[in-house]
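If you want the building blocks of each chain, they are given just below.
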Amino acid sequence: MSQSERLVLATRYRLVSEIGQGANGTVWRGHDELLDRAVAIKELRLPENLAEDDRVVFYRRTLREARAPAQLRTHSIVEVYDVVIEQGRPWIVMEMIEAPSLEQLIERSGPLPPERVAHIGRALLDALNTAHKAGIVHRDLKPSNVLLDGDRVVLTDFGLAFSSGSASLTKTGHFMGSPAYVAPEVAAGEKATPRSDLWSLGATLYAALEGRPPFERENVMATLSALANESIPPPQNAGALAPVITGLLEKNPTRRLSHARAVDRLERALTGPRSGRRPPTPRYRLMIVIGLVAATAASCGIGATALIVGMMREKPGPSPTATASSPPGSAQAATPPGVATSTLVVRARTDTCKIFVSVPGDAMTVLSDETLHMGDARQYDQPRLNAVIYDTSACDVWVNGQQKPPGRPGERQTYTLNKG
Ligand SMILES: Nc1ncnc2c1ncn2[C@@H]1O[C@H](COP(=O)(O)OP(=O)(O)OP(=O)(O)O)[C@@H](O)[C@H]1O
Ligand SMILES: [Mg+2]
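Since this is a predicted model, take the numbers as computed values, not measurements.

Caption draft 1: Region of interest: the site of ligand 1. Surrounding ligand 1, one finds 23 residues, the nearest of these being K42, E95, K142, S144 and D157. Here an oxygen atom of ligand 1 and a backbone polar atom of G22 are 3.3 Å apart. A distance of 3.0 Å is found between a nitrogen atom of ligand 1 and a backbone nitrogen or oxygen belonging to I97. Taking 620 Å² as the accessible area of ligand 1 by itself, protein coverage stands at 92%. Of all elements in the fold, only β2 (13-21), β3 (25-32), β4 (37-44) and β6 (89-95) reach the threshold of two or more residues within the shell around ligand 1. For the shell around ligand 1, the per-class residue count stands at 9 nonpolar, 9 polar and 5 charged. Counting the residues that make up the shell around ligand 1, at least three belong to each of domain 1 (4-95) and domain 2 (102-271).

Below, the structure written as structure tokens:
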């Protein structure tokens, strides 16, 4: 056993075994002795021959960079628990994701089908949107920093990229990223921005579809030269995703797809062109009716809960147990519609009830990836389901008719349902 494998950081995080190494350091499987849970620990390697001043700058920057994403609470970004300076270098303690990276998946199985890539792209756009709104740029989005845990797509290594070749971090302050995924303007010396993350997203999705990024060459110089001088080889396997990929891989950052337009094009690719507002599907129609009924009921002073219960039931079932006196949002909220027949029912207690619901399988179907507003409800009857409730204190959840106890604020819960 090596010295590192015996290490316990901050008298708490025990290194168990090495998961893998990248350009910036090593990721370890670890154990948090205090909370008795598995963690992943990223040991950051400092650039060699770093002057003492630069070492201090590096520490400060690492702490700042790790602190920023630690504030981001979204399903698609790895949770950062702690940063420890020990053995003369920083260690980032984070959520352990027992799953392969997109890079490993491409290496193992070759190019992915466009539907799967569209789902990955959608999740990464959400992750970037959350980060960019908080003023955080990833700087090194690439397949090895995207972990695929079943339906969940998780982005890691926020803001950690640095140019190991930079003579002085103090002077340059320049973080470079990975040549095959870096945006042309960043390769040319400009600062990384949200738009440069969108380029890296385009290159990542391109790699997922084609098996390799658009400008991969035998060495760094050749890659950077191709990035500067050559046009993007048109993707062969992108299908309906081609306009999203080429829009993100626009060399001029001002002409590159914005986040909103990328989402729009991705959704068009998934659903076909929309004419104005999307016509309501039966479920949408149902929700609109519920909204009207609830509003009417409220203005008449009638308990809205009971009315909503009556309207939402899609299949005949036992009489709803809700009563007009049940206060919406109370800890034991009224039993919602059709719980006897529905596999899963979610109702928002607050405006921050974010959910991700999908049907697992080779071609996974995403049923919901949204934030519900207080009182909104969703009901799913599929026999097999994966559901992630990002903040259990914000949502009431019924599984096979049984209400789940609400968790602490910010607590995430995953339900895997299989009716055989
Ligand atoms: N939170 C995590 N949980 C589990 N495995 C992880 C986690 N973060 C990273 N890994 C895995 O650790 C391995 C090494 O990651 P690392 O970030 O060091 O390398 P990289 O992404 O290939 O390169 P780079 O240093 O440029 O980011 C990868 O295979 C990745 O899948
Ligand atoms: Mg990484």
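Additional details are given in the paragraphs that follow.
Caption draft 2: The sheet that holds β6, seen in detail. A sheet is described by the order of its strands in space; here 6 strands give the open sequence β1-β2-β3-β4-β6-β5, paired in antiparallel fashion. Strands with a single pairing partner mark the edges of an open sheet, and in this sheet they are β1 (8-9) and β5 (80-86). Pairing analysis gives 2 bridges linking β1 to β2, with the strands arranged antiparallel. Bridging across to β2, V8 finds its partner in R14.

Caption draft 3: Seen up close, the coordination of the magnesium ion (ligand 2). Looking at the magnesium ion (ligand 2), the protein donor atoms are N145 (OD1) and D157 (OD), and they sit 2.0 Å from it. Placement of N145 in the loop between α4 (114-133) and β7 (146-149) and of D157 in the loop between β8 (152-155) and α5 (169-172) is noted, with a sequence separation of 12 residues between them. No difference in accessibility class separates N145 from D157, as the two residues are buried.

Caption draft 4: Here's a closer look at the environment of V8. For V8, the position within the fold is in strand β1. Residue classification places V8 among the partly exposed positions, given a relative accessible area of 34%. Between the C-alpha atom of V8 and that of D32, which follows or precedes it by 24 residues, the distance is 9.3 Å. Non-local contacts of V8, meaning those with residues more than four positions away in its chain, are made with Y13, R14 and E86.

Caption draft 5: Region of the structure containing the pattern of salt bridges. The tally for this structure, following the rule as stated, stands at 16 salt bridges. With a closest N to O distance of 3.7 Å, K142 and D140 form a salt bridge. Residue classification places K142 among the buried residues on the basis of a relative accessible area of 17%. We classify D140 as buried; its relative accessible area is 8%.

Caption draft 6: Broad picture of helix α3 (residues 102-109). Of the residues making up α3, those classed as buried are L102, L105 and I106. Mapping the buried residues of α3 onto a view down its axis gives an arc of 100°, with all of them on the same face. Relative to its buried face, α3 has exposed residues pointing more than 90 degrees away, namely E107 and R108. Backbone geometry just downstream of α3 places G110 in the positive-phi region, at approximately 80°.

Criteria and cut-off values
- Residues numbered from 1 in each chain as written.
- Chains lettered and ligands numbered in written order.
- Predicted model: local features only at pLDDT ≥ 70, side-chain atom pairs only at ≥ 80, totals over all residues.
- Heavy atoms only, no water.
- Near = heavy atom within 4 Å.
- Polar contact = N/O pair within 3.5 Å; in protein donor to acceptor, adjacent residues only side chain to side chain.
- Areas by Shrake-Rupley, 256 points an atom, 1.4 Å probe, with all protein chains shown as cover.
- Helix = DSSP H or I, 4+ residues; strand = E, 2+ residues; numbered from the N terminus.
- Nonpolar A, V, L, I, M, F, W, Y, C, P; charged D, E, K, R; others polar.
- Domains from an automatic or database assignment.
- Pairing = 2+ DSSP bridges.
- Donors = N, O, S within 2.8 Å, 3.2 Å for Na, K, Ca; no water.
- Buried < 20%, exposed > 50% of the residue type's maximum accessible area, 1.4 Å probe, protein only.
- Contact = heavy atoms within 4.5 Å.
- Salt bridge = Lys/Arg side-chain N within 4 Å of Asp/Glu carboxyl O.
- Arc of directions from axis to C-beta.

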